[in-house]
Every structure is written in structure tokens, then in C-alpha cells.
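Chain and residue survey
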Amino acid sequence: MSAEPQLIPVPENFPVRWESPEDAEQFWTVDLMHWPHGASPLTITMDAPPFMRGLNKVAADLCMPFRRLDYKPFNGYLYNTAVPFSTDPAVMAERQKQMEAKMMQHVPGLLDRWYKQYEPEVRSINDETLNGDYSKLGDRDLSGLLEALTQKREREGELHFLAVFPAMGAVMLFDQVYRELFSEPRADEHFELLQGFPNKSMEANAAIWRLSQEARKLPKVLDIINGQPAHSVHSSLPQINGGAGFQAQVHEYLREYGWRAAELDIAEVTWFEDATPVYKLVKEYASQEGYDPDAEFRDQVAARQAREKDLIAKAADRGEMFRQVLGFAQQYLPIQEDHNFWIDQVGLCVERVPVLEAGRRLVEAGRIRQRDDIFFLEYAELQDALRGGRGDLTELVGRRRAEREFFRNNAPPPALGTMPPPDAPPDPMITKFFGGPPEESADKRLIHGNAASRGQVTGTARVILSLDEAQRLKSGEILVCPATMPPWTPLFGLAKAVVTDHGGVLSHTAIVAREYRIPAVVGTKIATTTVRDGQTITVDGAAGTVRLED
């Protein structure tokens, strides 16, 4: 007899109200890899719903093994659950076959399709949003434009998963074939064969490094960057010889790469609006000697190609099949990093432009006190305000600001709802991206996680909870953080190892650590709350462990 389903206890400081009994019967896990500090009410209600509609449309087309993937907010944190396509094992087995067949229709030529079809469409949507002259619109016209924008965001969600799901499917096939042809990979070392391809994350980072080299050629500029607080550098540059020219180079960088922010939240100020993060990174990179990302990339490519050649020869008469499967999987890195740049980062951040225009109008009408109060409204409330709604919203905004601050300082429970059956198999694709539960350690000085990038180093841990604290990381230290997204990529050029609370072997952290060839342990769940800032630790990226040395 199967055990009765167990409702997961909820902490007193994290009240949960279920919209329906059916929701409470699902197993919900918090997504702290994408939103480590939760998200604003406007992000949760304006951006997330259309994006998820795009996801579920693609999931149905690809015969994914779930009816839908749901995201719901609880106290500002986003939780997700996958509603299974069926509880019948035979039906699920047939669904799996259908999914594999669908995937293989999309995998050949996927990267070329991304570059020639998907990315241009996404960039067109983003450019249209960014360059709109919203000040000339009436309130109702602005309301209609925001509604049209949510429909475009649904399309971006669709394009996102049309690229990502098949790319991940190709990696899963490669993983299976590799294990059949060769020995069990140690620390997922076979994923190193997927590294060393051009992508937007590495491109943006190399551009910052080139800015730092330009700064080194201008002593007075470098003096300003080193001697002044980063937030005041941009305004001080025109006052010195060569400063205006360097400022223009920074502006060009921001025009190309600046529509991104510390977190995936429309409420977050972008680098384009505040260049402080760029000047912090230029300062750190300018202090480094002997670092050359272009040379390191060439070395990475050469190492990968040499290993490819050896393995294809080792596969003998199955070498050509292995080459094809590997080629399919090698589409993953550029698709993963480029979609993240254009859709997750730029696509989200440019929504700020019309939303801030709406905020300006509500300030003028006396309904909110400052423009960024707009992010504490839900989408329906914003639409109501633009369509003639009345009333003072300041009390509502104040209450929501206080609630968000309270819950940001209280860790959300990892799961809500009803525990799944103990024999329910984990989804391997989800596990490789988000990470599986780490092994528990009997040794209190040893933390386990997912082995993401090989190598062993001992050094000083720098616990960085937000990208706003990035300047505290110095060259040669070990970065310990909740998770990383593409704007964190420049820190990999400073760190000699990375440890995260969240993520799996195909997460951004793992991909970029392998690209920089530094050790990484991801998905520990407890690193940022266990490792002390400044503590000496040893990171073993092959074993997936972090040892506290003092």
C-alpha cells in the first residue's frame, strides 16, 4: 500500500495561501538560481506569465513529459512545478519516444537557425521596445502598448525554448553516447568538449578587458578610476585629458552590452542607466598582469579540438557517429549564453523604458512618490492606473516594499505543497540544469555539491550575495555566491574558483567556469551560509567538494 501524500510543513515566517486544493497537491520548488532574492510584483505579474505561456506552447509542440510547467509567487519568490503528462508509466514511455523524435527534428541546424531566424526576431522586438517614443502617447495608448509588449514577450519565451529545449536534448544524447563509447566521465569532464565557442557572455567580458587596457594607456584616466568611488567616475572623466574619449568608449560598450542588470528583474537598474559596475570591473582588470582573454580562448579551442580528434579516433568505426552527436551538442553553449543575453537580459531590461514612462506619469498625478514605485504594483494595477483608475497608491507601494524587504531577509523554504512519491524519478534534464540534491556530509568541514569544472585550489573565500558587492572580489580569491547569470561573467576572470548554492552541471556557472578552466562546485545549497567571508577553503571541482580549512 502506498503511503499517504505528505503536505510539506511551512515555516511560521513564510505564510502560504493556496489558490486551490489542486495547487497544494503539487510539489513546488523555489527557483533561486534565476531569482536568488525573489522578484518585484511587476516582474512576477507582467513578465513571468507571458514568458511561461511561451514555454508551455513549445513544451506541447515538442511532446515534453509534462502537461505544463507552472510558476507561482509565494511571498515574492517564484516556485515551479511540472504537472506530469500522465501517471501511467506506459503512456509516459510513449511520450518520451515522441519527445526524442521531435527533438531530433529540431536539433540539426539549430544554431544556424538561432543566428538567422530566432535571434534577429528577438533583436527586432527588443529594438522596437527600446526605441519607442512613449512620451507622445496618451495614457490609454501607453496601456495598449504595454499589453502588446506582453504578447511580444510571450513570443520571446517561445523562441527561448525553441532553442534551449532541443539544445539540452542534444546534450543529453551526447551524454548517453559518450558513456556508451567511453568510460564513465569523471566530474562530467566530457562537457569540456562543449566549450570554446564564441558567445555573448565571453564577448562582453573580453570587451571590458579591452576597456581596461585602454585605461592603462591613459594614466590620468586610470588615476580617476583607481582613486574615486566607482559611482562618480563617469561624471569626472570629461574634466581630465583623454577622459572624454574614454567615456565615449564606455558609452559604446554600454550601448552594445549595457541592457542587463544584476538580477532578472525589471525593477533592477541596468548598466546602461548606471555604469558603476563597468568601472568597478575595469579597475580590477587594469590591475591584473598577464591576463589575456583572447589568448585563453584560443588555448581553450586548441585543447578541445585535440581531445575531439583523440576521441573520434578512439571510437573507431563509430567515430563518425560520435562526431555528429558531439556537433549537435556543441550548439548548446552559444545558444545557452546568447539566448540569455538577448532574451533573458536585454528582452527583460528594455521593458523598463515604457514602464518608467508610466511611473513618471503616476508621479506627476500624485499617485506614487517616485518612478521606481511602479515596480511594486502588479500588472493589473498598472493597467488600471493608465486606464483611468483613481486613488492614492503610496500606501500599497509602501506595504509591498516592507514585505519584500522582510522576505528578502528570511530564507524561503526550498519546497512547498505535497511531497512527491519516494520512487518518483528525477528529470535528468532538469537535474543537469538546476542541480540535484547534494550528498549530505558527516564531516562538518566538508560541503558537497555538483562537480562542475575540474581542478583543485586553496584560497580565500569571498562571499558575494549580490552583484552589487562585486567590487569586494579581488583577483585570485574564490567566489562564493548564490548563483551566477551572464552579468557575473567578468568575475570569472578574477576568481580562481567558484562555489554556488544553486545550479547544475549545465548551468551558467558551470559553463563559464569550464570556459575559464577554473574549478567549480555548484548547487551546494549551503555554501553562502556556511562559508565565512575571508575563510580559507579548498575547492575540488572534480570531487564536487568544498573543504573549510580554518
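Given the structure is predicted, the values throughout are model-derived calculations rather than measurements. (Residues numbered from 1 in each chain as written. Predicted model: local features only at pLDDT ≥ 70, side-chain atom pairs only at ≥ 80, totals over all residues. Heavy atoms only, no water.)

Some remarks on the overall build of the protein chain
Counting its regular elements, the protein chain contains 20 helices and twelve strands. At 24 Å, the protein chain has a C-alpha radius of gyration in line with the 24 Å of a compact globule built from 550 residues. Its C-alpha atoms put the protein chain at 70 × 65 × 50 Å along the principal axes. Of all 550 residues assigned to the protein chain, the portion counted as buried reaches 56%. (Helix = DSSP H or I, 4+ residues; strand = E, 2+ residues; numbered from the N terminus. Rg over C-alpha atoms; globule rule 2.2 N^0.38 Å. Buried < 20%, exposed > 50% of the residue type's maximum accessible area, 1.4 Å probe, protein only.)

Some details on helix α2 (residues 41-61)
Taking 1.5 Å of rise per residue, the 21 residues of α2 would be expected to cover 30 Å, and the 30 Å separating its terminal C-alpha atoms lies within 8% of that figure. Along α2, the helix axis deviates most sharply at Ala 48, where the bend reaches about 35 degrees; the proline Pro 49 sits within four residues downstream. Burial within α2 is extensive, with 15 of its 21 residues counted as buried. A positive backbone phi angle near 60 degrees is found at Cys 63, which sits one or two residues after α2. (Expected span 1.5 Å × (residues − 1). Bend = angle between axes of the 7 residues up to and from the residue.)

Examining the sheet that holds strand β4 (residues 415-417)
One open sheet holds the four strands; their spatial order is β2-β3-β1-β4, and the pairing between them is antiparallel. Looking along the sheet, the strands with just one partner apiece sit at the ends: β2 (66-74) and β4. Averaged over all pairs of adjacent strands, the angle between their axes in this sheet comes to 30 degrees, without regard to strand direction. The pairing of strand β1 (residues 27-30) with β4 spans three bridges and is classified as antiparallel. Bridging across to β4, Thr 29 finds its partner in Ala 415. Running at roughly 170 degrees to β2, α2 makes contact with β2 and β3 (77-84) of the sheet. (Pairing = 2+ DSSP bridges. Axes fitted to C-alpha atoms, helices over the stretch in contact; angles between N-to-C directions. Contact = heavy atoms within 4.5 Å.)

Considering the layout of surface pockets
By volume, the second largest pocket is sized at about 700 Å³. As for the second largest pocket, its lining consists of 24 residues, of which Pro 73, Phe 74, Asn 75, Gly 76 and Glu 378 are closest to the centre. Looking at the lining of the second largest pocket, the elements that each hand over two or more residues are α2, β2 and α16 (394-408). In terms of residue count, α16 provides more of the lining of the second largest pocket than any other element does, five residues in total. Its residues assigned to classes, the lining of the second largest pocket shows ten nonpolar, five polar and nine charged. (1 Å grid on protein atoms, 1.4 Å probe; cavity = no way out; pocket = protein on both sides within 12 Å on 5 of 7 lines; lining within 4 Å. Points joined across faces, edges and corners; volume = space filled by probe spheres on them. Nonpolar A, V, L, I, M, F, W, Y, C, P; charged D, E, K, R; others polar.)

Focus on the packing of helix α5 (residues 139-181) against helix α15 (residues 379-386)
Remark: α5 packs on α15, axes separated minimally by 8 Å, with the N-to-C direction vectors making an angle of 155 degrees. With respect to each other, α5 and α15 are oriented roughly antiparallel. From α5, Asp 139, Arg 140, Leu 142, Ser 143, Leu 146, Glu 147 and Thr 150 reach across to α15, where they touch Tyr 379, Leu 382, Gln 383 and Leu 386. Class assignment for the residues of the contact of α5 with α15 results in five nonpolar, three polar and three charged. (Parallel < 35°, antiparallel > 145°, perpendicular 65-115°, else oblique.)

Some details on the pattern of salt bridges
Throughout the structure, instances matching the rule amount to 46 salt bridges. Three or more residues are tied together by salt bridges with common partners; here these are Asp 139, Glu 357, Arg 360, Arg 361 and Glu 364. (Salt bridge = Lys/Arg side-chain N within 4 Å of Asp/Glu carboxyl O.)

Observations concerning the pairing of strand β9 (residues 497-500)
What you see with β9 is no split at all: Ala 497 and Val 499 on one side and Val 498 and Thr 500 on the other are buried throughout. The pairing of strand β8 (residues 478-481) with β9 spans four bridges and is classified as parallel. Within the sheet, the bridge partner assigned to Leu 479 lies in β9 and is Val 498. Handedness of the crossover joining β9 and strand β10 (residues 520-522) through helix α19 (residues 508-516) is recorded here as right-handed. (Right-handed = clockwise from strand over helix to strand, strands pointing away.)

Re the side chain of Gln 336
Position of Gln 336 among the secondary structure elements: in helix α13 (residues 332-349). Gln 336 gets classed as buried once you look at its relative accessible area, which sits at 4%. If near-sequence neighbours (up to four positions away) are discounted, Gln 336 is found in contact with Val 164, Phe 433 and Ile 511.

A closer look at the environment of Asp 501
As for its position among the elements, Asp 501 is in the loop between β9 and α19. Overall, Asp 501 belongs to the buried group, its relative accessible area being 5%. Distance in space between the C-alpha atoms of Asp 501 and Ile 430 is 16 Å, their sequence separation being 71 residues.

Thoughts on the packing of aromatic side chains
Each aromatic ring pair is specified by the distance between its two centres and by the angle formed by the two planes. Counted under the stated rule, the structure contains 21 aromatic pairs. One aromatic cluster is present, formed by Phe 14, Trp 18, Trp 28, Phe 74, Tyr 77, Tyr 79, Phe 406 and Phe 407 through successive ring pairs. In this structure, Arg 67 is placed above the aromatic ring of Phe 85, and the distance from its NZ or CZ to the ring centre is 4.6 Å. The cationic tip of Lys 200 hangs over the ring face of Phe 341; the distance from NZ or CZ to the ring centre is 5.1 Å. (Phe/Tyr/Trp six-rings, centres within 6.5 Å; stacked < 30°, edge-to-face > 60°. Lys NZ or Arg CZ within 6 Å of the ring centre and 35° of its normal.)

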